[in-house]
Amino acid sequence: MRRSEAAGLLRDALAPDALVITSLGTAGRAWRESDPPHLSYAASDPMGISPSLALGLALAQPERIVLLIAGDGEWAMNLGVLLTIAGAAPANLRLVVWRNGRYETGGGAPLPGGDGVDFAALAAGAGIGWTGEARTLDEAARLVPQLLAAQGPALLVLHVEPEASPYRPEGPYAQVEQRTLFMERLLGHG
Amino acid sequence: MDAAAQRTAALLREADITIAATLPDQWLGGVIGALDAEPAIRLVRVTREDDGVGICAGAYLGGQGAVLVCQSAGLLLSANALAGYALHHQTPFLVLAALRGGHDDGYYYQTYKHRVITPVLDALGLPHHTLRTPDDLSIIPDAARQGWLSRRPVVLLAHRDALRDAPEAGR
């Protein structure tokens, strides 16, 4: 499946009041380009921090679903966070791995471990209670609702096609301004 | 549970801290135990200090105050997360770190930590305060406010005696 298709599935299935965190680079761009209505926030450097950021947000906002969309390169930077998430076990946290075995934004260099790395098994082994893996759009259409209905934390691996993901010119808001705008919309203050 | 640890937890609660991300250290066991026993604070055990930075930043995004409790070496490890995320996004939280490797430490392998930690924090631009006795713990609410006002993490570097009621006879 293409990234745009995966993003569209998630956008259409996600409750309107859910909060979305995306990782640096391709995942965040693809999510934004799907024009989601959800309150969303793109993590930035360093790679590997978005899962713990989503965990902190989920703990602080336990009444709302928090969805993290992060590429496999982001996850590979910090697999230990799976243990942290499993230990904290926030019921409202949902995790998506966009899996294509390469650092998309950085030019497509392969991930360590190659295509054989099983992120769903890693998550299950860490203690994440619900895991799934979709290699086709049909499988994803079946599993995305299950991910969102599962008792969290839950993790779904979505295999996406390698696609060019060139850097784009920066938008009008720096990260601290994006952070302020996110908090203004969520909390009413920055 | 000793009084210094309980007081630390009480002061963090007074500072509106509701989430604590922790990593173990020999000196911090009492504090972490007190935080675990404090019903108003959600304790999260993390595998790496970077995760603690992320959790504290995410908590702030969601309107909650947070503290990272770790050894000073953890701040060295997470320098990129502190600079690239917390400082770049102007995200306040507290860090309570055991200041290992000084006069009150008894291990060769700890010594480098004391030597490099404050220059690294200064290079990052992170405000830091040194706690020498349990009385110094009273800075916690003010330090949290300093962080909130300046929109950056504030680090409390705790000597061994700041984290316990009475020094032991031997080390």
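Above: the structure in question.
Rules used in this analysis
- Residues numbered from 1 in each chain as written.
- Chains lettered and ligands numbered in written order.
- Predicted model: local features only at pLDDT ≥ 70, side-chain atom pairs only at ≥ 80, totals over all residues.
- Helix = DSSP H or I, 4+ residues; strand = E, 2+ residues; numbered from the N terminus.
- Contact = placed C-beta atoms within 7 Å.
- Pairing = 2+ DSSP bridges.
- Axes fitted to C-alpha atoms, helices over the stretch in contact; angles between N-to-C directions.
- Parallel < 35°, antiparallel > 145°, perpendicular 65-115°, else oblique.
- Left-handed = near helix turned anticlockwise from the far one by under 90°.
- Nonpolar A, V, L, I, M, F, W, Y, C, P; charged D, E, K, R; others polar.

Engineer: If you had to explain the environment of B:Leu43 to someone new, which residues and values would you point to?
Structural biologist: All names here are of chain B. Mapping Leu43 onto the fold places it in strand 2 (residues 42-45). Considered as a pair, Leu43 and Val67 are 24 residues apart in the sequence and their alpha carbons are 9.6 Å apart. Not counting chain neighbours up to four residues away, the residues in contact with Leu43 comprise Ala20, Thr22, Leu35 and Asp36.

Engineer: So what's going on with the sheet that holds strand 8 (residues 154-159) of chain A? Which residues, and what values?
Structural biologist: Residue and element names in this part refer to chain A. With parallel pairing, the 6 strands of this open sheet are ordered in space as 2-1-3-4-8-7. At either margin of the open sheet sits one strand with a lone partner, and together these are strand 2 (39-42) and strand 7 (130-134). Shown here is a sheet whose adjacent strand axes are inclined to one another by a mean of 15°, direction ignored. Both strand 1 (residues 19-22) and strand 3 (residues 66-71) contribute to a ladder of 4 bridges, which runs parallel.

Engineer: Outline the packing of helix 3 (residues 50-60) of chain A against helix 5 (residues 81-88) of chain A, supporting the account with residue identities and numerical values.
Structural biologist: Residue and element names in this part refer to chain A. Running from amino to carboxyl end, helix 3 crosses helix 5 at an angle of 10°, the nearest separation of the two axes being 10 Å. The orientation of helix 3 relative to helix 5 falls into the category roughly parallel. Judged by the twist between their axes, the crossing of helix 3 over helix 5 is left-handed. Together, Pro51, Ser52, Leu55 and Leu59 of helix 3 and Val81, Thr84, Ile85 and Ala88 of helix 5 make up the contact between the two elements. Taken together, the residues of the contact of helix 3 with helix 5 break down into 6 nonpolar, 2 polar and no charged.

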